[in-house]
Amino acid sequence: MRIAVGSDHAGYEFKKTVSAWLERNGHEVNDMGPYSEESVDYPDYARKVGEAVAKGECDQGVLLCGTGIGVSISANKIPGIRAALACKPEFATLARQHNNANVLCFSARFTDAPTIEQSLENWFAAEFEGGRHERRVAKIEP
Ligand code: RB5
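Note that the coordinates shown come from a computational prediction; the quantities given were computed from them, not determined experimentally.

What counts and what doesn't
Residues numbered from 1 in each chain as written. Predicted model: local features only at pLDDT ≥ 70, side-chain atom pairs only at ≥ 80, totals over all residues. Heavy atoms only, no water. Helix = DSSP H or I, 4+ residues; strand = E, 2+ residues; numbered from the N terminus. Expected span 1.5 Å × (residues − 1). Contact = heavy atoms within 4.5 Å. 1 Å grid on protein atoms, 1.4 Å probe; cavity = no way out; pocket = protein on both sides within 12 Å on 5 of 7 lines; lining within 4 Å. Points joined across faces, edges and corners; volume = space filled by probe spheres on them. Nonpolar A, V, L, I, M, F, W, Y, C, P; charged D, E, K, R; others polar. Near = heavy atom within 4 Å. Polar contact = N/O pair within 3.5 Å; in protein donor to acceptor, adjacent residues only side chain to side chain. Buried < 20%, exposed > 50% of the residue type's maximum accessible area, 1.4 Å probe, protein only. Disulfide = S-S within 2.5 Å. Pairing = 2+ DSSP bridges. Axes fitted to C-alpha atoms, helices over the stretch in contact; angles between N-to-C directions.

Participant: Help me understand helix H2 (residues 42-54) in this model?
Facilitator: The end-to-end C-alpha separation of H2 is 18 Å, in line with the 18 Å expected for 13 residues at 1.5 Å each. Of the surrounding secondary structure, the elements contacted by the buried residues of H2 are strand S1 (2-7), strand S3 (60-65), helix H3 (69-75) and strand S5 (103-107). Glycine 56 occupies a position one or two residues after H2 and carries a positive phi of about 85°.

Participant: How do you make sense of the layout of surface pockets when you look at a structure like this?
Facilitator: If you roll a probe as big as a water molecule over the atoms, it shows you where there is empty space left. Space inside the largest pocket adds up to approximately 220 Å³. Surrounding the largest pocket, 17 residues form its lining, Asn76, Ile81, Arg82, Ala83 and Ile140 being those nearest its centre. Only strand S4 (83-85) and helix H4 (89-97) provide two or more residues apiece to the lining of the largest pocket. Its residues placed into classes, the lining of the largest pocket shows 12 nonpolar, three polar and two charged.

Participant: Help me understand the site of the ligand in this model?
Facilitator: All residues in the neighbourhood of the ligand are listed as Asp8, His9, Ala10, Tyr42, Cys65, Gly66, Thr67, Gly70 and Arg109. Within the backbone of glycine 66, an N or O atom sits 2.7 Å from an oxygen atom of the ligand. At 2.9 Å, a backbone N or O of glycine 70 approaches an oxygen atom of the ligand. Partitioning the shell around the ligand into residue classes produces three nonpolar, four polar and two charged.

Participant: What is the right way to read the environment of glutamate 90 from this model?
Facilitator: Relative to the helices and strands, glutamate 90 resides in helix H4. A residue is classified by how much of its surface remains accessible, and glutamate 90, at 45% relative accessible area, is partly exposed. Placed 32 residues apart in sequence, glutamate 90 and asparagine 122 show a C-alpha to C-alpha distance of 7.4 Å.

Participant: Is there a simple way to explain the state of the cysteines in this structure?
Facilitator: Formally, a disulfide is one covalent bond, and it connects the sulfur atom of one cysteine to the sulfur atom of another. Overall, the coordinates contain zero disulfides when judged by the stated rule. Cysteine cysteine 58 is unpaired, with the sulfur of cysteine 105 as its nearest cysteine sulfur at 15 Å.

Participant: What's the story with the environment of alanine 83 in this structure? I'm lost.
Facilitator: Relative to the elements of secondary structure, alanine 83 occurs in strand S4. Given a relative accessible area of 13%, alanine 83 falls into the buried group.

Participant: Is there a simple way to explain the sheet that holds S3 in this structure?
Facilitator: Pairing between the strands of a sheet comes from backbone hydrogen bonds, and it takes one of two forms, parallel or antiparallel. With respect to topology, five strands assemble into an open sheet ordered S2-S1-S3-S5-S4, the strand pairing being parallel. The sheet terminates laterally at strand S2 (28-31) and S4, the two strands that pair on one side only. Direction aside, the axes of adjacent strands within the sheet are offset by 25° on average. Bridge count for S4 against S5 is three bridges, and the pairing is parallel. The residue bridging leucine 85 from the neighbouring strand is cysteine 105, located in S5.

Printed below as a string of C-alpha cells:
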C-alpha cells in the first residue's frame with residue numbers, strides 16, 4: 001500500500017521507526033515531513049497526510065506528535081478522514097475493524113517503538129467488519 005507519513009518535531013524520531021517498519025513490510029512510504037527536528041506546527045503535517053489520503057493519492061496515513069492528540073484532531077477536520085489514536089496495539093485493530101480508520105496516530109512521548117510496531121502489525125492485519133459498523137461509520141460524515 002501507499003502510506004503517507006507525517007509528524008511534528010516531537011514525532012520526528014519515531015517517524016523513522018514507522019517508515020522503516022512500513023518499508024520492511026513492503027509498503028511504499030510517502031514521507032510528508034518534517035525532515036529535521038526543528039520546531040514545527042503539527043496541523044500543517046496532519047493536513048498534508050490527511051489530504052493525501054482523502055484525495056486517494058495514498059491508501060492510508062500515519063501521524064505522530066507528542067501526545068498524538070494534536071495530529072488526531074487536525075486530521076479529523078478533513079472530510080473523509082477517520083484518524084484514530086492508537087495508545088495500545090489493540091486500539092489499532094479495533095480502529096480498523098469497527099471505525100474503518102484510514103489514518104493511525106501515535107504519541108511519540110507516551111509510547112515506545114515495540115508498541116508502535118505491534119500496532120502497525122495489527123493495523124494491517126485487521127479488516128473493517130462492516131455490518132452494524134458500516135451504519136455507524138456512515139453517520140460520522142456530516
Ligand atoms: C509539541 O510540543 C506538542 O504540543 C505536540 O507534539 C502535540 O503533543 C500536540 O498535540
